[in-house]
Amino acid sequence: MTVRVGILISGAGSNMMALLDAMARPGSPSEPAVVLSNRPDAPGLAAAAMRGVPVAAIDHRAHASRESFDAAVDAALRGAGVDLVACAGFMRIMTPVLTDAWAGRMLNIHPSLLPLFRGTDTHARALAAGVAVHGCTVHEVTGELDAGRILGQAVVPVAADDTPPSLAARVLAMEHRLYPAVLEAFAADPERARRERVALFGPPLSS
Ligand code: GRF
């Protein structure tokens, strides 16, 4: 039974595109049901629509509360027959209206090696901390920010001359490999995906 995936975005949607590519491959256990954004002008919505994927925009500014917005998102996901939610650059703090409703069925990608650097501005914080390696994490979404069960991680080296943008670009390239690998494993067999997890290692710095 193909798992129907709802993708939540707020911006460019490069992770969304990587997920759509993976789900388009023959034999994929999952298919895109809807791409939904809190920003009607998110470039990722147009990119998804170009590929024939149903899209929806729910403007968070049109809602008086976070709970009201979350209830509209929940209704849209259910209306699209979504089984599994993939947050991909969805820049909204969720309330239990969403996190409770989709517990065990909602994933997120975060641009750090959790539990290091929860929250925002992760690349600048990693550089300030002087870490030698950095990366990204796909985790299950819970009521606590960036704290759910880890399903996969990808590691990249940090260069001496890295800036937040150069480090972010190196991490983003690995996000596009990690997220599809985790999504497909989780769609195929959630318990096995939770047990085995995905570990990827990016290329060494060009010497
Ligand atoms: C990525 O860096 C992701 O880790 C973070 O937001 C960014 C999303 O980028 N959550 P995109 O919209 O997928 O291109």
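Keep in mind that this is a model prediction, so the values were computed, not measured.

Asker: How do you make sense of the domain arrangement of the chain when you look at a structure like this?
Answerer: A common way to express how large an interface is: the accessible area buried when the components associate. What the domain assignment reports for the chain is domain 1 (1-102) and domain 2 (108-202). Placing the centre of domain 1 and that of domain 2 at their C-alpha centroids yields a distance of 20 Å. Across the domain 1/domain 2 interface, buried area totals approximately 1400 Å², and carbon plus sulfur atoms make up 69% of it. On the domain 1 side of the contact with domain 2, Asn 15, Leu 19 and Cys 87 bury the most area, a combined 32% of that side's loss.

Asker: What's the story with the environment of Arg 118 in this structure? I'm lost.
Answerer: If you trace the backbone, Arg 118 turns up in the loop between strand S5 (106-110) and helix H5 (122-129). Judged by relative accessible area, Arg 118 falls into the partly exposed class, the value being 37%. For the pair Arg 118 and Gly 143, spaced 25 residues apart in sequence, the C-alpha to C-alpha distance is 14 Å.

Asker: Please explain the pairing of strand S6 (residues 133-140) as it appears in this structure.
Answerer: As a general feature of sheets, a regular strand has side chains that alternate between the two faces. The buried count for S6 comes to 7 of 8 residues, which makes it a mostly enclosed element. The pairing of S5 with S6 spans 4 bridges and is antiparallel. Within the sheet, the bridge partner assigned to His 110 lies in S6 and is Thr 137. Relative to strand S7 (residues 150-157), S6 is paired through 7 bridges, and the arrangement is antiparallel. Pairing of Val 138 across the sheet is with Gly 152, part of S7.

Asker: I keep staring at the site of the ligand and nothing clicks. Help me out?
Answerer: Around the ligand, the structure places Ala 12, Gly 13, Ser 14, Asn 15, Gly 89, Ile 109, Pro 111, Leu 172 and Glu 175. Residue Gly 13 places a main-chain N or O atom 2.9 Å away from an oxygen atom belonging to the ligand. A distance of 2.5 Å separates an oxygen atom of the ligand from a polar atom in the side chain of Ser 14. Burial of the ligand by the protein chains amounts to 81% of its free accessible area of 360 Å². Taken together, the elements giving at least two residues each to the shell around the ligand come down to helix H1 (14-23) and helix H6 (164-188).

Thresholds applied
Residue positions are counted from 1 within each chain, in the order its sequence is given. Owing to the predicted nature of the model, reporting of local features is limited to residues with pLDDT of at least 70; listing and counting of side-chain atom pairs is limited to 80 or more, with chain, interface and lining totals taken over all residues. Only hydrogens and water are removed before side-chain values are computed, so all heavy atoms of the structure are retained for them. Each domain's extent was defined by an automatic or database domain assignment. By convention, the term buried area covers the 1.4 Å-probe accessible surface removed from two parts as they join, with the contributions of both added. Each helix is a run of DSSP H or I of at least 4 residues and each strand a run of E of at least 2, with the numbering of both proceeding from the N terminus. Relative accessibility thresholds used throughout: buried, under 20% of the residue-type maximum; exposed, over 50%; partly exposed, between the two (1.4 Å probe, protein chains only). For two strands to be treated as a pair, DSSP must find at least two bridges joining them. Note on terminology: near, applied to a residue and a molecule or strand, indicates that one of the residue's heavy atoms is within 4 Å of it. Under this definition, polar contacts are N or O atom pairs within 3.5 Å; protein pairs additionally need one hydrogen-donor-capable and one acceptor-capable atom, and for neighbouring residues in sequence, both atoms have to be side-chain atoms. All accessible areas in this document rest on Shrake-Rupley with a 1.4 Å probe, and a residue is counted as covered only by the protein chains that are shown.

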